[in-house]
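Now for the letters of each chain:
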Amino acid sequence: MYKSLFPILFFFSIQIHAQSFDFKIDHSSLIVNNLDTTADFYSNILKLKEIPHPDKAPGFRWFAVQGNSQLHLIYKDTVVMKKHKSMHLCLSTPNLETFIEHLESNSVEYEDWPGTKGSVTLRSDGVRQIYLTDPEGYWIEVNNAKHD
């Protein structure tokens, strides 16, 4: 009897292990020391739509990125974050050239991956990308990768 149950139990254990969780990014959060200046950057330069914090608590500014994904800015005056270009938020737009023009018209500096100011990196897969920093020094990549 136990031998006949083995194939059934084996099949179910494979199904459980093969199951995916279908994750989607809900939100990213950044600790900031100057909440209003940084929030203005995300609103005015990146053109993200500000959304209300559910309980309207002070020290938070939330932004919609796309769909249900969000960016949360959290004010902390006692926390210092170490920032590095390899740790960055990445946004994709089919209008990279228009976005670059927008940055230039607002005197916002950008660079390529190696750090050449005003330059664009062309990745080996054909995606073009730039990097800029927000007022807190966090790195942001903006590229033209296509997503379905």
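Here we summarise the structure given alongside this text. Residue positions are counted from 1 within each chain, in the order its sequence is given. This being a predicted model, a pLDDT of at least 70 is required before a residue's local features are given, and a value of 80 or more before pairs of side-chain atoms are given or counted; all residues contribute to the totals for chains, interfaces and linings. Only hydrogens and water are removed before side-chain values are computed, so all heavy atoms of the structure are retained for them.

### With respect to the nonpolar core
No. 1: Nine residue types can take part in a nonpolar core, namely buried Ala, Val, Leu, Ile, Met, Phe, Trp, Tyr and Cys, and a core is a set of them joined through side-chain atoms within 4.5 Å. For every residue, the accessible area obtained with a 1.4 Å probe (protein chains only) is divided by the maximum for its type, and the residue is called buried under 20%, exposed over 50%, and partly exposed between those limits. Core analysis: the biggest nonpolar cluster contains 24 residues, and Y42, L73, I130 and L132 have the highest contact counts within it.
No. 2: Strands are runs of DSSP state E lasting at least two residues, helices are runs of H or I lasting at least four, and both sets are numbered from the N terminus onward. Among the elements of the structure, β1 (27-32), α2 (35-45), β4 (69-75), α3 (96-105), β7 (128-133) and β8 (139-143) are those that each provide at least two residues to this core.
No. 3: For this core, the element with the most residues is α2, which contributes five residues.
No. 4: Where each domain begins and ends is defined by an automated method or by a domain database. Two domains each provide a minimum of three residues to this core, namely domain 1 (26-81) and domain 2 (83-147).
No. 5: Residue contacts are counted whenever heavy atoms from the two residues lie within 4.5 Å of one another. Setting aside anything within four residues of it in sequence, one finds L73 in contact with L30, V32, L35, T38, A39, Y42, G59, F60, R61 and F63.

### Considering the sheet that holds strand β3 (residues 60-66)
Whether parallel or antiparallel, the strands of a sheet pair through hydrogen bonds between backbone atoms.
No. 1: A strand pair is defined by DSSP finding two or more bridges across the two strands. The strand order β1-β4-β3-β2 describes an open sheet built from four strands, whose pairing is mixed. One side of each edge strand has no neighbouring strand; the edge strands of this open sheet are β1 and β2 (49-51). Each neighbouring strand pair of the sheet contributes to a mean axis angle of 30 degrees, computed without reference to strand direction.
No. 2: Direction of pairing for β2 relative to β3: antiparallel, over a ladder of three bridges. The residue of β3 that forms the bridge with I51 is W62.
No. 3: Here, axes are lines fitted to C-alpha atoms. For helices the fit covers the stretch in contact, and angles between N-to-C directions go from 0 to 180 degrees. Packed on one face of the sheet, α2 meets β1, β3 and β4 and runs near 15 degrees to β3.

### Brief notes about the side chain of E141
No. 1: By the secondary structure assignment, E141 is in strand β8.
No. 2: Taking the relative accessible area as the measure of exposure, E141 reaches 5% and is therefore buried.
No. 3: In the analysis that follows, any N or O atom pair within 3.5 Å is treated as a polar contact, provided that within protein one partner can donate a hydrogen and the other can accept it, and provided that, for residues neighboring in sequence, both atoms belong to side chains. Looking at E141, its side chain comes within polar contact range of the side chain of N143, at 3.0 Å.
No. 4: Leave out the neighbours within four places in its chain, and E141 touches H88, L89, C90, L91, R123, Q129, I130 and Y131.

### Examining the sheet that holds strand β5 (residues 88-92)
No. 1: The strand order across the open sheet formed by four strands is β5-β8-β7-β6, and the pairing between neighbours is mixed. Two strands bound the open sheet, and with one partner strand each, they are β5 and β6 (121-122).
No. 2: Relative to β8, β7 is paired through five bridges, and the arrangement is antiparallel. Residue pairing in the sheet places L132 in a bridge with I140 of β8.
No. 3: Packed on one face of the sheet, α3 meets β7 and β8 and runs near 25 degrees to β7.

### Describing the side chain of T38
No. 1: Along the chain, T38 turns up in helix α2.
No. 2: Of note is the side chain of T38, whose polar atom sits 2.9 Å from the backbone oxygen of N34.
No. 3: In this structure, T38 is in contact with V32, L73, D134, P135 and E136, ignoring residues within four places of it in sequence.

### Some words on the pattern of salt bridges
No. 1: We define a salt bridge as a contact between a side-chain nitrogen of Lys or Arg and a carboxyl oxygen of Asp or Glu at a distance within 4 Å. All told, the structure shown has eight salt bridges when counted by the stated rule.
No. 2: The partner of E109 in a salt bridge is K117, and the shortest N-O contact between them spans 3.8 Å.
No. 3: Taking the relative accessible area as the measure of exposure, E109 reaches 58% and is therefore exposed.
No. 4: The class for K117 is exposed, based on a relative accessible area of 54%.
No. 5: The closest approach of N and O atoms between E111 and K117, which form a salt bridge, is 3.1 Å.
No. 6: It is possible to trace a salt-bridge network through shared partners that takes in K85, E109, E111 and K117.

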